[in-house]
Amino acid sequence: MDSFSPLIGTYPTDPRLPLLTLAEAQEAVRLLRHFADDSLEGGAAGDLATDLARRLPAE
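The sections below set out a description of the structure shown in this document. (Residues numbered from 1 in each chain as written. Predicted model: local features only at pLDDT ≥ 70, side-chain atom pairs only at ≥ 80, totals over all residues. Heavy atoms only, no water.)

## Digging into the pattern of salt bridges
Just so we agree on the cut-off: Every case where a carboxyl oxygen of Asp or Glu lies within 4 Å of a side-chain nitrogen of Lys or Arg is listed as a salt bridge. Numbering of helices and strands starts at the N terminus; helices are DSSP runs of H or I of at least 4 residues and strands are runs of E of at least 2. The classification of residues rests on relative accessible area computed with a 1.4 Å probe and restricted to protein chains. Under 20% of the type maximum is buried, over 50% is exposed, and intermediate values are partly exposed.
Using the criterion set out here, one finds two salt bridges in the structure. Between Glu27 and Arg30 there is a salt bridge, with its nearest N and O atoms 2.7 Å apart. Here Glu27 and its partner Arg30 are both found in helix α1 (residues 22-35), three residues apart, which amounts to about one turn of the helix. Assessed through its relative accessible area of 34%, Glu27 is described here as partly exposed. Looking at Arg30, the relative accessible area reads 46%, which means it is partly exposed. Here Arg55 and Asp51 are joined by a salt bridge, their closest N and O atoms 3.1 Å apart.

## Let's talk about helix α2 (residues 40-55)
An α-helical segment advances 3.6 residues per turn. Residues three or four places apart therefore align on the same side. Formally: Working rule for helices: expected span equals 1.5 Å times residues minus one. By arc we mean the arc of the directions from the helix axis to the C-beta atoms, nothing more. Should any heavy atoms of two residues lie within 4.5 Å, those residues are considered in contact.
The terminal C-alpha atoms of α2, which comprises 16 residues, lie 23 Å apart, in line with the 22 Å expected from a rise of 1.5 Å per residue. When we look at burial in α2, the residues that qualify are Gly42, Ala45, Gly46 and Ala49. With its buried residues spanning 100 degrees around the axis, α2 presents them on a single face. Facing away from the buried side of α2 by over 90 degrees, the exposed positions are Leu40, Asp47, Arg54 and Arg55. Looking at the buried positions of α2, the neighbouring elements they touch are α1.

Put into structure tokens, the structure is as follows:
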């Protein structure tokens, strides 16, 4: 059986930033709700807004 040496690397110690901040996510949900209407695209915007809003932390 072959043995491999362990992988060694350096990792940043700084905290990683989130993809979106909470304020940015809330603004995205607000904008999606603004565009929600009875059209096909508006329905998709409303569905996405609802899905994303459920994932946000409660205030």
